[in-house]
Amino acid sequence: MLQSLAGSSCVRLVEQHRSAWCFALLVLGYLLYLVFGAVVFSSVELPYEDLLRQELSKLKQRFLEEHACLSEEQLEQFLMRVLEASNYGVSVLSNASGNWNWDFTSSLFFASTVLSTTGYGHTVPLSDGGKAFCIIYSVIGIPFTLLFLTAVVQRIIVYVTRRPVLYFHIRWGFSKQVVAIIHAMVLGFVTVSCFFLIPAAIFSVLEDDWNFLESFYFCFISLSTIGLGDYVPGEGYNQKFRELYKIGITCYLLMGLIAMLVVLETFCELHELKKFRKLFYVKKDKEEDQVHIMEHDQLSFSSISDQAASMKDDQKANEPFVNSQSPTSNDSSLNN
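Please read all numbers here as calculations on a predicted model, not as lab measurements. (Residues numbered from 1 in each chain as written. Predicted model: local features only at pLDDT ≥ 70, side-chain atom pairs only at ≥ 80, totals over all residues. Heavy atoms only, no water.)

*Asks:* Please clarify how the pattern of salt bridges should be interpreted in this entry.
*Replies:* Two side chains with opposite charge may pair up if their charged atoms get near one another. This model, assessed by the stated rule, comprises four salt bridges. One salt bridge connects E76 with K60, and the closest N-O pair in it is separated by 2.1 Å. Taken as a pair, E76 in helix α3 (residues 72–87) and K60 in helix α2 (residues 18–66) lie far apart in primary sequence, 16 residues in all. Among the salt bridges present, the one from E269 reaches R162, with a minimum N-O distance of 2.6 Å. With a gap of 107 residues between them, E269 in the loop between α8 (242–268) and α9 (271–278) and R162 in helix α5 (residues 128–171) connect regions that are remote in the sequence. The partly exposed category is assigned to E269, whose relative accessible area is 25%. Judged by its relative accessible area of 35%, R162 is partly exposed. (Salt bridge = Lys/Arg side-chain N within 4 Å of Asp/Glu carboxyl O. Helix = DSSP H or I, 4+ residues; strand = E, 2+ residues; numbered from the N terminus. Buried < 20%, exposed > 50% of the residue type's maximum accessible area, 1.4 Å probe, protein only.)

And the structure:
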């Protein structure tokens, strides 16, 4: 009997703090996922890094042996300066000297990556004035971009998601939840095809050094706003129509980001995902709910009283002028 009482008390305790237990499991799962990613990346990439370090070391030693007049310290200083310039998007290679990083189209592409928080990092401001302006521009522009994207997505999702689901639900009598799930899957497939698969095929043709996997990798890294910067289109020295190509990429990033947000909002509106998310949220206290209800009732009562007062004023305004005469005028008319 004691065991049954203890078991029932444990079950009751778990049910009372269900949201806290779910949140603790969520935090634990997220930390484990981080550790899992670190282990996989380390095991996969560390051997390649070691091979690259050995190759560079051999090339450096061979270069010093072939050029005995050059000391290792001079070579180190030259390489440090080259790497520092490369971090700012400036290359010393002769085949890349014709590409400017701060012409209008490149600056437009940079501004779009800053406001969308993609930030490839291949081009960064060089001057102190540019760095200061980038801070101010981002502080104002990033919230402005969020407001812009929210407004655009809110309007698009009405015509792309809500109305089609309601149409099939009302017109054909299908279950709303089933229609919403099928619609979300179809919309996700169309978005992946139009903004990942097709652009990846186009980039693999336009970029000489990219295969399909690398192109698809660039599309995903860009539209997910991760922006690692290891692949940036339009940076080849023999790139044709580079200015027009940069403008097209800027439009692709903006439209793709909007499409991604529409798909995410569509999936977030699914009933099953809403129930799943509520497992990790803090439930409102009953007192807060009662206060909210009382405030709502007070607002409704005040609005009703205001409507009644306005209706009375309208009735008085619409009454005949005979009724609006003063009592003294009525008495004088009777005496006459």
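Text resumes after the structure shown.
*Asks:* Explanation requested: the packing of aromatic side chains in the structure shown.
*Replies:* One pair of aromatic rings is described through two measures. These are the centre distance and the angle between the planes. Counting across every chain of the model gives 14 aromatic pairs. Note on Y120 and F218: the rings are 6.0 Å apart at their centroids and 20° apart in plane angle, and the pair reads as stacked. Here Y120 is found in the loop between α4 (104–115) and α5, whereas its partner F218 is found in helix α7 (residues 212–223), with 98 residues between them in sequence. Here the aromatic residues F109, Y120, F203, W210, Y217, F218, Y231 and Y252 are joined through ring pairs into a cluster of three or more. (Phe/Tyr/Trp six-rings, centres within 6.5 Å; stacked < 30°, edge-to-face > 60°.)

*Asks:* Explain the environment of T117 to me, please; I cannot follow it from the model alone.
*Replies:* Within the fold, T117 resides in the loop between α4 and α5. Separated by 28 residues in the primary sequence, T117 and T145 have C-alpha atoms spaced 9.7 Å apart. Not counting the four nearest positions on each side in its chain, T117 is found in contact with I142 and T225. (Contact = heavy atoms within 4.5 Å.)

Interpretation note: all reported values are geometric properties and have no functional meaning in isolation.
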